[in-house]
Amino acid sequence: MDSRPHYVVGIDLGTTNSALAYADLGRGEEAAADLALLPIPQLVAPGETAARRLLPSSCYLPGEHELPPGATRLPWGDRPVVVGELARRQGERVPARLVGSAKSWLCHPRADRTAPILPWGAPAGVPRISPVEASTLVLAHLRDAWDARFPGAPLTAQEVVLTVPASFDEVARELTVQAARQIGLTRLVLLEEPQAAFYSWTAAHRQDLLAALGSCRLILVCDVGGGTTDFSLISAGFDGQLPALRRLAVGDHLLLGGDNMDAALARQIEARWRTRLDALQYAQLVAACRGAKEALLLAGGPPRASLAVVGRGSRLVGSALSAELTREEVLQTVLDGFFPRTGPDETPARAARAGLQELGLPYAADPAVTRHVLQFLRRHGPEVEQAAGIPCPGGLPRPDGLLLNGGVFTPPAIGERLQQAVAAWFPDQPPPVLLVNDQLDVAVARGAAYYGLVRRGLGLRIGGGTARAYFIGIDAPGVSRQGLCVVPRHLEEGREIELARPFALRVDRPVRFALHASSQVRAELPGELVPLDEEQFTPLPPIQTVLRGEGPPGKSRGGTPGAEIPVRIRAGLTELGTLELWCVAEQGGTRWKLEFQLRGTVGADETPSIVAPMPRKAPEAKELVERVFGKKPVEVDRNEVKGLVRSLERLLGPRAEWSTPLIRELWTVLHAGLARRRRSADHERIWCSLTGFCLRPGFGAPLDGWRAAETWKVFEPGLQFVGEPHNWEAWWVLWRRIAGGLEAPAQERLFEAVAPHLRPAAQGKGAVQTKRPKAGGRDELIRLLASLERLSPATKAEAGEWLFGLIQREGPAPHLLWALGRLGARLPFAGSGHSCLPPEQAEGWIERLLALPPPIPDGLGFALVQLARLTGDRARDIDPALGERVQQRMRGLGAPPEWLQALQEVAEASAADEQRIFGESLPAGLRLILSRR
């Protein structure tokens, strides 16, 4: 089989639909005229295959006996997961098994994009996959379809251009590349979707490009897809026979698109029905609205469409609810809600809207695309003046060309509305010219294929390089946070830059590089320092790693663990289009590649902690700890060991006031002395107590993930002095305090250790009574159990029944109510929303708590507000009628105003609430925000 590329292939991996276009490299310049689409075979009904121009980017996870044998057979064999049209159709009937909008989840910065979290809100028993896996499945289907069409020229041997939103962060790009490589695509280049759309337009006008552009010098590309809205500004110079095209700017991440329009229509229908659907019914309604919208807005589509949602239980009257949508209703919703006419000074709303979070994703607070366009233009007015020489009166650049992309613009009225809105901001100028792309649904795929030809010199290339500048965050006491420029804007692909200034790199010890990006107009050169601010800089997932020195692990140059060596930083953009960072030793040239943190989220370890100098007496405090746990034997009597915490408080002040940097530094000394915890029972107890206190809550400061993982290594060896009850109590407190920083497998292991102490004993005749292990502080075991937020919902439900059993036998003690509130919380403290208890289960717990007889127990209000607070995610929120009952009870309890607010609207937890949720004080200077992912 020939491994040489014969084709250049463009793939549009879309949120709603995907497409593949290609060109024959053997045809040279004629290939641009023959850009072809690949008809994609896919299941359209059980056991029925047909070719379609688009592949719905939907994955369906069928139940064991849901489809008959052979129903998922494709020309290239059976697949356990259905992809394409049948997946979307089945998902409309059974939304709990449908994975849609995976691309939106791929760019969700507060979700673990590699974890099996989809379908979002699916009930127990439904298998889950990660956003990366879902993207891989769609790409694999396209590969198999290609290979079936061209068996002698497999896709893995071709040149592939894969498109991504211009607003994708670096991790989303890396994960897209990872998905492509998992199916064997190694000859791969990434291209931003707005550029692909413009390349498609230039391909269609390659013979008369100057005439087609006319007098357009500044073109605004507005790409509204299924999940994201992207903006780009492209300048066109006319110095020669061909225009000089340059991409000047791209918009920031904007999670707004067709999914939001479907949700808006669904909320209208729901209001018409005067009922509130549960999460699965709502997902079914959104899917139905999507189908109706697409049918009604097609040219020549029907004037009206019917939709229905199957009833569930006693909440609805009858077995189903039905409604009708007209073309005029859909068009009006899209025009008024997403493309309203705006004044030239309007800005997007910043306040969160719960309704836009109902699909589990952090959609843009303001759905008005026109306001986001206006904000984008204002931000980049200086760049237009500086780089393109185009005047911008009042700082607002006027685009004289408007290229629209995305299926939403299929009805001419929507594109015309955007054209009118832009024209109204420049009343003395003619409206921008609409540059029309034929076949909007496949323009990105066609443009990607054409770009592959352009890279071979067979077309006009858009210059401009990277649209963002990249910075490494640097903290220094007494000054504002600084960013070191490592990649300037407009650096071309394939270029590498070495910073002139040297750095001291600590090897064989954990290091962390905080990364930031900015798409704002900046003139910094590589190596320059600038102040970082939230308005202009977007944080990226950090690089956290241990860079090994030469020699065996733990030994760096010269045999000194943790030695610092001089290095220089090299940064660049690969030909693939992704960012690379390297540290290069000045002597010897050893190179360390710095990898992005692809697993996990930007949330936990990225909460900014206070930048403060260490206390003056910190060295003395470290010496006190080292006297007890240091490697060299020191004569320390028992009272000095037992009084270590008191000694530290006399030196540093009350421990509740110790700052985050201080206690993390003390943890370093404690961790170095973990082997010496076994010197005596007092050593072990104090080590556990102080280690947990210094690392609490297990996250929130740089490198806490590494610290928690290092501390976890102590668990399996276990306690040395197992006969000491106080040691057992300190042991469980340690793990409860740092549970937020432990991954799911570690939390599951803790559950296995705790369960024998708390699981009810077998009852009845013939029950086998097993000897229970020594508990050592049952109340602390319960608190630890409640802190394991990464347990599965089913496990949490089981643990909740244990607690209700204790309440029934012993009464509603405050620590039992606190534990129930933590286990069933709607907003996790450190975990992810996909592991929250289902709302139906939480509602059952609320009913049981509301039914507790008087007197009202302490802690009831806390438990109720955790179980009932609003998240804006319908997959987690309880029934509003029950929520109103909870509010009434809370008013009767004299609940604080912030608790009532949390029951009425989506609101952040206060600092006092965070401490109540954690169960004790948080480190001084550490501010956390409850996760909404």
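Refer to the structure presented above.
Here's what I pulled together on the structure shown here. (Residues numbered from 1 in each chain as written. Predicted model: local features only at pLDDT ≥ 70, side-chain atom pairs only at ≥ 80, totals over all residues. Heavy atoms only, no water.)

Moving on, we come to the overall build of the protein. Along the backbone of the protein there are 29 helices and 30 strands. Among the 933 residues that make up the protein, the fraction classed as buried is 57%. Carbon together with sulfur atoms contributes 51% to the accessible area of the protein, which is approximately 37400 Å² in total. (Helix = DSSP H or I, 4+ residues; strand = E, 2+ residues; numbered from the N terminus. Buried < 20%, exposed > 50% of the residue type's maximum accessible area, 1.4 Å probe, protein only. Areas by Shrake-Rupley, 256 points an atom, 1.4 Å probe, with all protein chains shown as cover.)

This part takes up the pairing of strand E15 (residues 229-237). Consecutive side chains along a regular strand alternate between the two faces of the sheet. The buried count for E15 comes to eight of nine residues, which makes it a mostly enclosed element. Bridging between strand E14 (residues 218-224) and E15 involves seven bridges; their strand directions are antiparallel. Following the sheet pairing, Val224 is matched in E15 by Thr229. Here E15 runs beside strand E16 (residues 244-250); their pairing, made up of six bridges, is antiparallel. Along E16, the bridge assignment pairs Gly237 with Ala244. (Pairing = 2+ DSSP bridges.)

Let us now look at the nonpolar core. Residues Trp658, Trp731, Trp735, Ile846, Leu849 and Met890 are the most contacted members of the largest nonpolar core, which totals 94 residues. Discounting chain neighbours no more than four positions away, the residues touching Trp735 are Thr711, Trp712, Phe715, Leu742, Leu750 and Leu784. One finds Leu74, Trp105, Trp120 and Leu185 within the second-largest nonpolar core, a separate group that totals 64 residues. (Core = buried A, V, L, I, M, F, W, Y, C linked by side-chain atoms within 4.5 Å. Contact = heavy atoms within 4.5 Å.)

We now examine the packing of helix H23 (residues 793-810) against helix H25 (residues 839-850). In contact at an axis separation of 11 Å, H23 and H25 are set at 10° when each is read in the N-to-C sense. Classified by the angle between their axes, H23 and H25 sit roughly parallel to one another. Facing H23, whose interface residues are Lys796, Ala797, Gly800, Glu801 and Phe804, H25 presents Gln841, Trp845, Arg848 and Leu849. Looking at the contact of H23 with H25 residue by residue, the class counts come to four nonpolar, two polar and three charged. (Axes fitted to C-alpha atoms, helices over the stretch in contact; angles between N-to-C directions. Parallel < 35°, antiparallel > 145°, perpendicular 65-115°, else oblique. Nonpolar A, V, L, I, M, F, W, Y, C, P; charged D, E, K, R; others polar.)

Glancing now at the pattern of salt bridges. Where side chains of opposite charge bring their charged atoms close, a pairing between them can arise. In total, this model carries 46 salt bridges according to the counting rule given. Across the salt bridge formed by Arg489 and Glu383, the nearest N and O atoms sit 2.3 Å from each other. With Arg489 in the loop between strand E22 (482-487) and strand E23 (496-498) and Glu383 in helix H11 (residues 381-388), the pair connects residues that are 106 residues apart, well separated along the chain. The burial state of Arg489 is the same as that of Glu383; both residues are buried. With its nearest N and O atoms 2.4 Å apart, the salt bridge here joins Glu498 to Arg570. Pair noted here: Glu498 is in strand E23 and Arg570 is in strand E28 (residues 564-573), with a separation of 72 residues, a long-range link. Relative accessible area serves as the criterion here: at 38%, Glu498 is assigned to the partly exposed category. Here Arg570 falls in the partly exposed class, since its relative accessible area comes to 24%. Connected through shared salt-bridge partners, Arg736, Arg737, Glu780, Arg783 and Glu920 make up one network. (Salt bridge = Lys/Arg side-chain N within 4 Å of Asp/Glu carboxyl O.)

These figures come from the coordinates and say nothing about function on their own.
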